[in-house]
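Below, each chain spelled out in residue letters.
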Amino acid sequence: MPNPSASLGQWKRPGDRKVVQISNEAFDRVGGRRICLHAFPGGLRLAQFNVHTGEWIVANPAPAFTLSRQGIETSAAIHWNLPTAPLVEHALSRGEGLLAEHGPLVVDTGKHTGRSAKDKFIVRDTETEENIWWGATNKAMTPAHFATLKADFIQHLAGIDTLFVQDLFGGSQPEHRVRVRVINELAWHNLFIRTLLVRPESQALAGFEPEFTIIDLPSFKADPARHGTRSETVVAVNFSEKLILIGGTRYAGEMKKSVFGILNYKLPVDGIMPMHCSANIGPKGDTAVFFGLSGTGKTTLSADASRTLIGDDEHGWSDTAVFNFEGGCYAKMIRLSEEAEPEIYATTRRFGTVLENVVIDPDTRKLDLDDASKAENTRGAYPIDFIPNASAENMGPVPRNVIMLTADAFGVLPPIAKLTPDQAMYHFLSGYTAKVAGTEIGVTEPEATFSTCFGAPFMPRHPSIYGNLLKERIAKGGVDCWLVNTGWTGGKYGVGKRMPIKATRALLNAALDGSLNDAEFRIDPNFGFKVPVSVAGVEPAILDPRQTWADKAEYDATAQKLVGLFIENFAQFAEHVDESVRASAPRAA
């Protein structure tokens, strides 16, 4: 047996069997013995050599429910449920990425640096015909096209010589989780999804039988004429066969959001509310959930050292808990500051983090988090326990507060407002924020953006299903619901200024500790919700947006413009909600 302190290298054993040692920084120990990658028939397996018996003990054997039992025949070397260290070794040896100076794996996703929303399809059949909200977001694929696509996927997979498979859970609450098997041709993809989902205990893997399977093959190119797709890229979801096929893209986030889509489809049937939100727990055990689109401050405001983080992106609300769907975080990295977000910044200096499209010096291996030359959407995937104040259980009590974040670039909305359950459902279905000039070509004035449920691309069912669940749970639990504007005050974007973060935090803290409930409130004349008149530590004028505008008539006109946009957008939901929700609409002059 080679010296266990030897440096990275390859060793020969009798019978010409090869052992590849894991790097000094990236190995595990079992009973004091070295864990190595050993060349068994059919490929490398993580194994332990017993010096007393001269036998190799396989540390990650194939489960009883193999790929062949799923109708997937392959002669590939299959690596089952590898942990972080050997997956990093595989990624490096295969040229899939570089190791940065402090340990993270840095990879490029190629031309796809974000989700390919226009290339996602759901098979339209007897299972989905009446259950999917068909339209521009949820586009249909015929069963015949999917059958052809599946056959071509399986044929393509058979020609790949190495596969990586992970058996994982979507969801942390055992009674509400889904068992997912993910099959990858890239080692770093397998590491990514293992990091992002919930990892079963090792003893649960031998008998693992997947409910859903995801096959992700970036080298597969779809044929629009043959497969009914839009391009060579495809994300095809078949809820009847419980199979998702991803091809033509190296962007790993497609896998993460596919599992989110599964849970968004399954859980409402059981009365569980799936949510695109972050969540944390206060010192008194009070859970808060934060809904919000990109740029509203969801990650920043939920990352509070005085509160325990449940998760940063996807959660479920059951009768007994708010539970994280994931076991990791997927944070934006561009222009990440150690001063502003020290906990997230620290993950860029740890082994086990996967960094996507972050610029790295190939010689020094130093990172440049400010360089957006590869992508504006640079990302980092890391285990949630890399965040010091993360919940060990990945769960918390049912919410005491629901926060809906918006970045109103029109400068009309107050910094905080209290919502009734009906108003909460109205604003949840609206999912409002605003684009500002300069963020996209052709945008010269603030533009309203409505993404229903604060996550339209991931909601397969009709939004009213999720909205009614939210309304019921808010009313049943006596939950306080708040609309928080992190956008502009004193005028629209370009005239006013961004809402002071100090004021936002003071108002949010008052809402979360319950003291804001005792404040004096006024009724907003445009939106009808309650707005506090004064709050300790906050300049009173900022609480009344009209008073912050120099031109009051212009404020009134801008407010009515925004009211009209809300009313126009909500028309698509009107027939699916109660009259009390319709009555919660803002008031046109």
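As the structure is a prediction and not an experimental result, all values here were calculated from the model. (Residues numbered from 1 in each chain as written. Predicted model: local features only at pLDDT ≥ 70, side-chain atom pairs only at ≥ 80, totals over all residues. Heavy atoms only, no water.)

Asks: Is there a simple way to think about the overall build of the protein chain in this case?
Replies: Per the secondary structure count, the protein chain includes 13 helices and 36 strands. Counting the 589 residues in the protein chain, one finds 57% classified as buried. Summing over all exposed atoms, the protein chain offers an accessible surface of approximately 23500 Å²; the carbon and sulfur share of this is 51%. (Helix = DSSP H or I, 4+ residues; strand = E, 2+ residues; numbered from the N terminus. Buried < 20%, exposed > 50% of the residue type's maximum accessible area, 1.4 Å probe, protein only. Areas by Shrake-Rupley, 256 points an atom, 1.4 Å probe, with all protein chains shown as cover.)

Asks: What should I look at first to understand the pattern of salt bridges in this one?
Replies: A side chain with one charge can pair with a side chain of the opposite charge if their charged atoms come near. For the structure on display, the rule yields 28 salt bridges. Aspartate 422 is the salt-bridge partner of lysine 471, the closest N and O atoms lying 2.8 Å from each other. A residue pair is termed long-range when its members are at least 10 positions apart, and lysine 471 in helix H9 (residues 463-477) and aspartate 422 in helix H8 (residues 421-430) qualify at 49 residues. When its relative accessible area of 18% is taken as the criterion, aspartate 422 is described as buried. In this structure, the salt-bridge partner of aspartate 578 is lysine 471, at a minimum N-O distance of 3.3 Å. (Salt bridge = Lys/Arg side-chain N within 4 Å of Asp/Glu carboxyl O.)

Asks: What am I meant to see in the packing of H8 against helix H12 (residues 552-570) here?
Replies: For any two helices packed against each other, the geometry is given by the interaxial angle and the distance between the axes. Interaxial distance between H8 and H12 falls to 10 Å at its minimum, and their mutual angle equals 85°. By the criterion of interaxial angle, the relationship of H8 to H12 is roughly perpendicular. Seen from H8, the contacting residues are Tyr426, His427, Leu429 and Ser430; seen from H12, they are Phe566, Ile567, Asn569 and Phe570. (Axes fitted to C-alpha atoms, helices over the stretch in contact; angles between N-to-C directions. Parallel < 35°, antiparallel > 145°, perpendicular 65-115°, else oblique. Contact = heavy atoms within 4.5 Å.)

Asks: Would you mind showing me how to read helix H3 (residues 187-196) here?
Replies: Owing to its 3.6 residues per turn, the α-helix aligns residues three or four sequence positions apart on the same side. Of all 10 residues making up H3, 10 are buried, and the element is well covered by its neighbours. Every buried residue belonging to H3 is among Ala187, Trp188, His189, Asn190, Leu191, Phe192, Ile193, Arg194, Thr195 and Leu196, and all of these are buried.

Asks: What exactly am I supposed to notice about empty space enclosed by the protein here?
Replies: Where empty space is left in the structure can be found by rolling a water-sized probe over the atoms. Across all of its chains, the model carries 2 cavities of 30 Å³ or more by this definition. Estimated volume of the largest cavity: approximately 170 Å³. Along its surface, the largest cavity is lined by 14 residues, and Thr299, Ala303, Leu309, Ile344 and Ile387 are the ones closest to its centre. Secondary-structure elements contributing two or more residues to the lining of the largest cavity are helix H6 (298-302), strand S22 (328-332) and helix H7 (342-347). Class assignment of the residues belonging to the lining of the largest cavity gives a composition of 8 nonpolar, 3 polar and 3 charged. If you add up the space inside the second largest cavity, you get close to 50 Å³. Taken together, Thr406, Leu413, His427, Ser430, Gly431, Tyr432, Phe454, Leu483 and Phe566 make up the full set of residues lining the second largest cavity. (1 Å grid on protein atoms, 1.4 Å probe; cavity = no way out; pocket = protein on both sides within 12 Å on 5 of 7 lines; lining within 4 Å. Points joined across faces, edges and corners; volume = space filled by probe spheres on them. Nonpolar A, V, L, I, M, F, W, Y, C, P; charged D, E, K, R; others polar.)

Asks: Help me out: how do you make sense of the sheet that holds S22 in this one?
Replies: An order of S8-S9-S23-S26-S22 is seen for the 5 strands of this open sheet, with the pairing classed as mixed. The strands lining the two open edges of the sheet, one partner per strand, are strand S8 (98-99) and S22. Relative to strand S23 (residues 354-356), strand S9 (residues 105-107) runs parallel, the two sharing 3 bridges. Note that in S23 the partner of leucine 105 across the bridge is valine 354. (Pairing = 2+ DSSP bridges.)

Asks: Just to check I follow, could you spell out the sheet that holds strand S16 (residues 243-247) for this structure?
Replies: Think of a sheet as strands paired side by side through backbone hydrogen bonds, with each pair either parallel or antiparallel. Sheet architecture is open: 8 strands sit in the order S7-S12-S13-S14-S16-S15-S10-S11, paired in mixed fashion. Each end of this open sheet is capped by a strand with a single partner; those strands are strand S7 (77-80) and strand S11 (139-141). On average, each strand axis in the sheet is inclined to that of its neighbour by 25°, with strand direction left out of account. Relative to strand S12 (residues 162-170), S7 runs parallel, the two being bridged by 4 bridges. For isoleucine 78, the partnering residue across the bridge sits in S12 and is leucine 163. In this fold helix H2 (residues 143-158) packs onto strand S10 (120-123), S11, S12, strand S13 (178-184), strand S14 (212-217), strand S15 (234-238) and S16, with an angle of close to 65° to the strand it touches most, S16.

Asks: I would appreciate a short explanation of the environment of aspartate 125 in the present structure.
Replies: Along the chain, the position of aspartate 125 falls in the loop between S10 and S11. Owing to a relative accessible area of 17%, aspartate 125 belongs among the buried residues under this scheme. Along the chain, aspartate 125 and proline 143 lie 18 residues apart, while their C-alpha atoms are 6.8 Å from each other. Discounting residues that sit within four places of it in the chain, aspartate 125 has contacts with Pro143, Asn238 and Ser240.

Asks: Sorry, what's going on with the confidence of the model for the protein chain here?
Replies: Regions with low pLDDT carry predicted coordinates that are not meant to be interpreted in detail. The pLDDT averaged across the protein chain works out to 89; a share of 88% of its residues lies at or above 70. Counting interchain partners and residues more than four positions distant, the pLDDT-below-50 stretch residues 1-34 has 69 contacts. Every residue in residues 437-441 is under pLDDT 50, and counting partners more than four places away or in other chains gives 6 contacts. (pLDDT = per-residue confidence, 0-100.)

Asks: How should the side chain of glutamate 326 be read in this particular structure?
Replies: Topologically, glutamate 326 is positioned in the loop between strand S21 (322-324) and S22. Within polar-contact distance, the side chain of glutamate 326 engages the side chain of lysine 256 at 2.7 Å. Residue contacts for glutamate 326: discarding those within four places in its chain leaves Ser172, Leu196, Leu197, Val198, Lys256, Asp312, Asp313, Glu314 and Asn394. (Polar contact = N/O pair within 3.5 Å; in protein donor to acceptor, adjacent residues only side chain to side chain.)

Asks: Would you explain the packing of aromatic side chains in this entry?
Replies: The relative placement of two aromatic rings is captured by the distance of their centres and the angle of their planes. Counted under the stated rule, the structure contains 22 aromatic pairs. Centroid distance tyrosine 432 to phenylalanine 566: 5.1 Å. Interplanar angle 55°. Geometry classified as tilted. Of this pair, tyrosine 432 sits in strand S30 (residues 432-435) while phenylalanine 566 sits in helix H12, and the two are 134 residues apart along the sequence. The class of tyrosine 432 is buried, set by a relative accessible area of 4%. (Phe/Tyr/Trp six-rings, centres within 6.5 Å; stacked < 30°, edge-to-face > 60°.)

Asks: How do you make sense of the packing of H3 against helix H5 (residues 253-266) when you look at a structure like this?
Replies: Running from amino to carboxyl end, H3 crosses H5 at an angle of 40°, the nearest separation of the two axes being 9 Å. In the crossing of H3 with H5, the sense of the turn from one axis to the other is right-handed. In this structure, H3 contributes His189, Phe192, Ile193 and Leu196 to the contact, and H5 contributes Gly253, Met255 and Lys256. The class makeup of the residues in the contact of H3 with H5 is 4 nonpolar, 2 polar and 1 charged. (Left-handed = near helix turned anticlockwise from the far one by under 90°.)

Asks: Help me understand unusual backbone geometry, please; the structure alone is not making it clear to me.
Replies: Keep in mind that most residues, glycine aside, have a negative phi and that most peptide bonds are trans. Phi is positive for arginine 335, close to 55°, though the residue is something other than glycine. Along the polypeptide, arginine 335 turns up in the loop between S22 and H7. Looking at arginine 335, the relative accessible area reads 46%, which means it is partly exposed. Within the chain, arginine 365 stands out as a residue other than glycine whose phi angle is a positive 65°. Secondary-structure assignment places arginine 365 in the loop between strand S24 (359-360) and strand S25 (367-368). Residue classification places arginine 365 among the partly exposed residues on the basis of a relative accessible area of 27%.

Asks: How should the environment of histidine 576 be read in this particular structure?
Replies: Within the secondary structure, histidine 576 sits in the loop between H12 and helix H13 (579-582). Overall, histidine 576 belongs to the partly exposed group, its relative accessible area being 35%. Considering only alpha carbons, one finds histidine 576 and histidine 462, 114 residues apart in sequence, at a separation of 9.1 Å. Dropping the residues within four chain positions of it, histidine 576 is found in contact with His462, Ser464 and Asn468. A polar contact of 3.3 Å, which involves the side chain of histidine 576, links it to the side chain of histidine 462.

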